[in-house]
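Single-letter residue listing:
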Amino acid sequence: QVQLVESGGGLVQAGVSLRLSCAASGGTFSNYAMGWFRQAPGKEREFVASISWSGGMTYYTDSVKGRFTISRDNALSTVFLQMNDLKPEDTAVYYCAAGSRYRHSSVFPVAFWGQGTQVTVSS
């Protein structure tokens, strides 16, 4: 059983940056592909980005390409989401997820979820 704890969310103005972190425990972090999802009010949870177990491959949903960067530090058992040039439409609860397999697509079967961290971007 892997536990995931997100941090780094907050209330920011449009155009600024935030970095989310997700610390994992209870499993072998490097065995898992990692991903970020988000859920805006009244909407379904959506895929944002994923990274392979080694960090060598990443994939992003179109709306965040060029603005968000996913990375991981296996020694720290942590995955990050650097979010630049934030927009009001990025407002959502952001969830960290661990998956058993990386796929170079938005398809990311989730084995474990974090509890989420709120990101609010004001205009």
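What comes next concerns the included structure. (Residues numbered from 1 in each chain as written. Predicted model: local features only at pLDDT ≥ 70, side-chain atom pairs only at ≥ 80, totals over all residues. Heavy atoms only, no water.)

Let's talk about the sheet that holds strand E1 (residues 3–7)
So, step 1. Taking strand neighbours across the sheet as the criterion, the 4 strands line up as E1-E3-E8-E7 in an open arrangement whose pairing is antiparallel. On the outer flanks of this sheet lie E1 and strand E7 (68–73), each paired with one strand and no other. Put simply, the sheet's adjacent strands are angled 15° from each other on average, direction ignored.
So, step 2. Sheet topology note: the E1/strand E3 (residues 18–25) ladder contains 5 bridges and is antiparallel. In the sheet register, Val5 faces E3, and the bridge partner there is Ala23. (Pairing = 2+ DSSP bridges. Helix = DSSP H or I, 4+ residues; strand = E, 2+ residues; numbered from the N terminus. Axes fitted to C-alpha atoms, helices over the stretch in contact; angles between N-to-C directions.)

Re the pairing of strand E11 (residues 117–122)
On any regular strand, side chains alternate: one points to one face of the sheet, the next to the other face.
So, step 1. Going residue by residue along E11, you find Thr117, Val119 and Val121 tucked away on one face and Gln118, Thr120 and Ser122 left uncovered on the opposite face.
So, step 2. Two strands pair when backbone bridges link them, and strand E2 (residues 10–13) and E11 are joined in this way by 4 bridges, in the parallel orientation. When the bridges of E11 are listed, Leu11 appears paired with Thr120.
So, step 3. Relative to E11, strand E9 (residues 92–99) is paired through 3 bridges, and the arrangement is antiparallel. The residue of E11 that forms the bridge with Val93 is Gln118. (Buried < 20%, exposed > 50% of the residue type's maximum accessible area, 1.4 Å probe, protein only.)

Here we look at the pairing of strand E8 (residues 78–83)
So, step 1. Of all 6 residues that make up E8, 5 are buried, and the element is covered over most of its length.
So, step 2. Bridge count for E3 against E8 is 6 bridges, and the pairing is antiparallel. Across the sheet, Cys22 pairs through a bridge with Val79, a residue of E8.
So, step 3. Here E7 runs beside E8; their pairing, made up of 6 bridges, is antiparallel. Within E8, the position partnered with Ser71 by the bridge is Phe80.
So, step 4. Where E7 folds back onto E8 in an antiparallel hairpin, the turn is made up of 4 residues, including Ser77, whose phi is positive at roughly 55°.

Considering the pattern of salt bridges
So, step 1. Counted under the stated rule, the structure contains 5 salt bridges.
So, step 2. The partner of Asp62 in a salt bridge is Lys65, with the nearest N and O atoms 3.0 Å apart.
So, step 3. Using a relative accessible area of 45% as the deciding quantity, one classes Lys65 as partly exposed.
So, step 4. Where salt bridges share partners, they join Arg38, Glu46, Arg67 and Asp90 into one cluster. (Salt bridge = Lys/Arg side-chain N within 4 Å of Asp/Glu carboxyl O.)

Some details on the side chain of Arg72
So, step 1. For Arg72, the position within the fold is in strand E7.
So, step 2. Among the polar contacts listed, one links the side chain of Arg72 to the backbone oxygen of Phe29, at a separation of 3.0 Å.
So, step 3. A distance of 2.8 Å separates a polar atom in the side chain of Arg72 from the backbone oxygen of Tyr32. (Polar contact = N/O pair within 3.5 Å; in protein donor to acceptor, adjacent residues only side chain to side chain.)

What to know about the state of the cysteines
So, step 1. Counting across every chain of the model gives 1 disulfide.
So, step 2. Residue pairing for Cys22: its cysteine sulfur links by disulfide to Cys96, the two sulfurs lying 2.1 Å apart. Classification of the bridge connecting Cys22 and Cys96 rests on its S-S torsion, roughly -80°, and on that basis the disulfide is left-handed. Of this pair, Cys22 sits in strand E3 while Cys96 sits in strand E9, and the two are 74 residues apart along the sequence. Cys96 matches Cys22 in its accessibility class, with the two residues each being buried. (Disulfide = S-S within 2.5 Å.)

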